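# Structural description and commentary
The residues making up each chain are set out below.
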Amino acid sequence: GVIAWAARNGDVQQPVAYNHKVHLDAGMDCAACHTGAREGTHAGIPTTDKCAMCHRVDRPYPKTPDDLARYLRAGEEIPWTQLHRTRRHVFFSHQRHVTFGGIDCAECHGDVKQKTEPFTRAVFPARQAGMNQCVACHRKERVTTDCTACHR
């Protein structure tokens, strides 16, 4: 299973109380907000413009929470704290894993479909424990375990 680990300074508080479950239950796909989650190397953190595609402060539906409305009115980017990232010397491609490998987001990010609060800590294990999990999956799926495939 996925092992949780706290951010370096403990849990962080995100600026908007984002509810993944509500959005996924409404039929949205992770890639609708996380640009690159299927076709890119990196999955982006949603921009205020992405939220504004559906949420408008002048419309009652869908309801726009006050914390989000503040950023929309000000035209400011939401200052999310990025928690899921690889180390600089590690190459990871979302496209290779999600699209070509068919790996569900939950394998690395936990049960996002049930997540009603924003991420306050990374879900994938850090350092050696994370690499061990990657290698175990690569062995199970019978894909490369050559160190230079990921370590650059």
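Let us look at the structure shown here. (Residues numbered from 1 in each chain as written. Predicted model: local features only at pLDDT ≥ 70, side-chain atom pairs only at ≥ 80, totals over all residues. Heavy atoms only, no water.)

## Here we look at the nonpolar core
Let me state the cut-off plainly: Residue types Ala, Val, Leu, Ile, Met, Phe, Trp, Tyr and Cys, when buried and joined through side-chain atoms within 4.5 Å, form a set referred to as a nonpolar core. Burial status follows relative accessibility: with a 1.4 Å probe on protein chains alone, a residue under 20% of its type maximum counts as buried, one over 50% as exposed, and anything between as partly exposed. Secondary structure is summarised from DSSP: a helix means a run of H or I of at least four residues, a strand means a run of E of at least two, and numbering begins at the N terminus for each. Residues count as neighbours in contact if any of their non-hydrogen atoms are within 4.5 Å of one another.
Core analysis: the largest hydrophobic core is formed by 9 residues, namely V16, Y18, C33, C51, L68, Y71, L72, I78 and W80. Among the elements that make up this core, the one with the highest residue count is helix α4 (residues 66-74) (3 residues). Aside from chain neighbours lying at most four places away, what touches L72 is T48, A52, H55, V57 and T64. If you look at the next biggest cluster of nonpolar residues, it comprises 5 residues, including L83, V112, F119 and V123.

## Some remarks on helix α7 (residues 127-141)
So the rule is basically this: A helix is expected to span 1.5 Å multiplied by its residue count minus one.
Relative to the 21 Å expected for 15 residues at 1.5 Å per residue, α7 spans 21 Å between its end C-alpha atoms, a close match to the ideal helical length. Just past α7, the residue R142 takes up positive phi, approximately 60°.

## Observations concerning unusual backbone geometry
Here Y61 and P62 are connected by a cis peptide whose omega angle stands at -10°. Secondary-structure assignment places P62 in the loop between α3 (48-52) and α4. Look at R142: it is not a glycine, yet its phi comes out positive at around 60°. By the secondary structure assignment, R142 is in the segment after α7. Residue R142 is classed as exposed on the basis of its relative accessible area, which comes to 76%.

## Considerations on the packing of aromatic side chains
Keep this limit in mind: When two rings of Phe, Tyr or Trp (its six-membered ring) have centres within 6.5 Å they constitute a pair, described as stacked for plane angles under 30 degrees, edge-to-face for angles over 60, and tilted for the intermediate range. Two conditions define a charge sitting above a ring: the NZ of Lys or the CZ of Arg must be within 6 Å of the ring centre, and it must be within 35 degrees of the ring normal.
Evaluated as defined, the whole model comprises 0 aromatic pairs. When the ring centre of Y71 is taken as reference, the NZ or CZ atom of R70 above it lies at 4.2 Å. Its end group placed over the ring of F119, K115 keeps NZ or CZ at 4.9 Å from the ring centre.

## A look at the side chain of H55
Short version of the rule: Here a polar contact is recorded for every N or O atom pair within 3.5 Å, except that within protein the pair must consist of a potential hydrogen donor and a potential acceptor, and residues adjacent in sequence are included only if both atoms are side-chain atoms.
Within the secondary structure, H55 sits in the loop between α3 and α4. A distance of 3.2 Å separates a polar side-chain atom of H55 from the backbone oxygen of K63.

## Topic: the state of the cysteines
How we decide: Here, two cysteine sulfur atoms that lie within 2.5 Å of each other are counted as a disulfide.
Scanning the entire structure with this criterion turns up 0 disulfides. Of all cysteine sulfurs in the structure, the one in C30 sits closest to C105, which takes part in no disulfide; the separation is 3.7 Å. The exposure class of C105 is partly exposed, given its relative accessible area of 23%. In this model C108 remains outside any disulfide bridge; the closest cysteine sulfur is found in C134, 6.7 Å from its own. Under the relative-accessibility criterion, C108 is labelled partly exposed at 24%.

Shape is all these values report; function is a separate question.
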